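Okay, here's what each chain looks like letter by letter:
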Amino acid sequence: MAQVANTKKEKKDNFFKRAGKKIVGFFKGIFSELKKVTWPTKRDVIIGTLSVLAFCLVVGGIIWLADFGLDSLMRLITRFK
């Protein structure tokens, strides 16, 4: 009867072994996912970067024009007071 009770109860690893196994498993998962990644070519990165810069310049120009126009409108309105 005592042997049956001992076989049912399994000894757990200590905290550091369990934490170490979880950390190792985490990094193994990361590396396995990184192997599946399709990395962009240098040309793709340059085209993407230039596209973002061009878009930022266009949006910046639109904001600058809106600011300039609204500032001119406010000067015109306040001049008539």
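Since the model is a prediction, treat every value here as computed from it, not as a measurement.

K.L.:
A description of the overall build of the chain should follow, citing residues and the corresponding values.
P.N.:
Across its full length, the chain carries three helices and zero strands. Going from the N terminus to the C terminus, the chain shows its helices and strands as α-α-α. Scored against the burial criterion, the 81 residues of the chain give a buried share of 0%. For the chain, the exposed surface amounts to about 8,300 Å²; the carbon and sulfur share of it is 70%.

K.L.:
Break down the confidence of the model for the chain for me, citing the residues and quoting the values.
P.N.:
Confidence in the prediction of the chain, expressed as mean pLDDT, is 89, and 88% of residues score 70 or more. By mean pLDDT, the top-scoring element of the chain is helix H3 (residues 42-79) (96), and the lowest-scoring one is helix H1 (residues 2-8) (56).

K.L.:
Would you mind going over the packing of aromatic side chains in detail, with residue names and values included?
P.N.:
All chains considered together, the criterion is met by three aromatic pairs. Aromatic side chains Phe15 and Phe16 sit 5.4 Å apart centroid to centroid with 75 degrees between the ring planes, which places their arrangement in the edge-to-face category. Aromatic pair Phe26 and Phe27: ring centres 5.4 Å apart, planes at 80 degrees, arrangement edge-to-face.

K.L.:
Residue-level account of the pattern of salt bridges, with values.
P.N.:
Taken as a whole and assessed by the stated rule, the structure comprises two salt bridges. Where Glu33 meets Lys36, a salt bridge forms, and the shortest distance between an N and an O atom there is 3.3 Å. Residue Glu33 is classed as partly exposed on the basis of its relative accessible area of 45%. Its relative accessible area of 60% is what places Lys36 among the exposed residues. Note that Arg75 and Asp71 form a salt bridge whose closest N and O atoms lie 3.1 Å from each other.

Reading the values: the criteria
- Residues numbered from 1 in each chain as written.
- Predicted model: local features only at pLDDT ≥ 70, side-chain atom pairs only at ≥ 80, totals over all residues.
- Heavy atoms only, no water.
- Helix = DSSP H or I, 4+ residues; strand = E, 2+ residues; numbered from the N terminus.
- Buried < 20%, exposed > 50% of the residue type's maximum accessible area, 1.4 Å probe, protein only.
- Areas by Shrake-Rupley, 256 points an atom, 1.4 Å probe, with all protein chains shown as cover.
- pLDDT = per-residue confidence, 0-100.
- Phe/Tyr/Trp six-rings, centres within 6.5 Å; stacked < 30°, edge-to-face > 60°.
- Salt bridge = Lys/Arg side-chain N within 4 Å of Asp/Glu carboxyl O.

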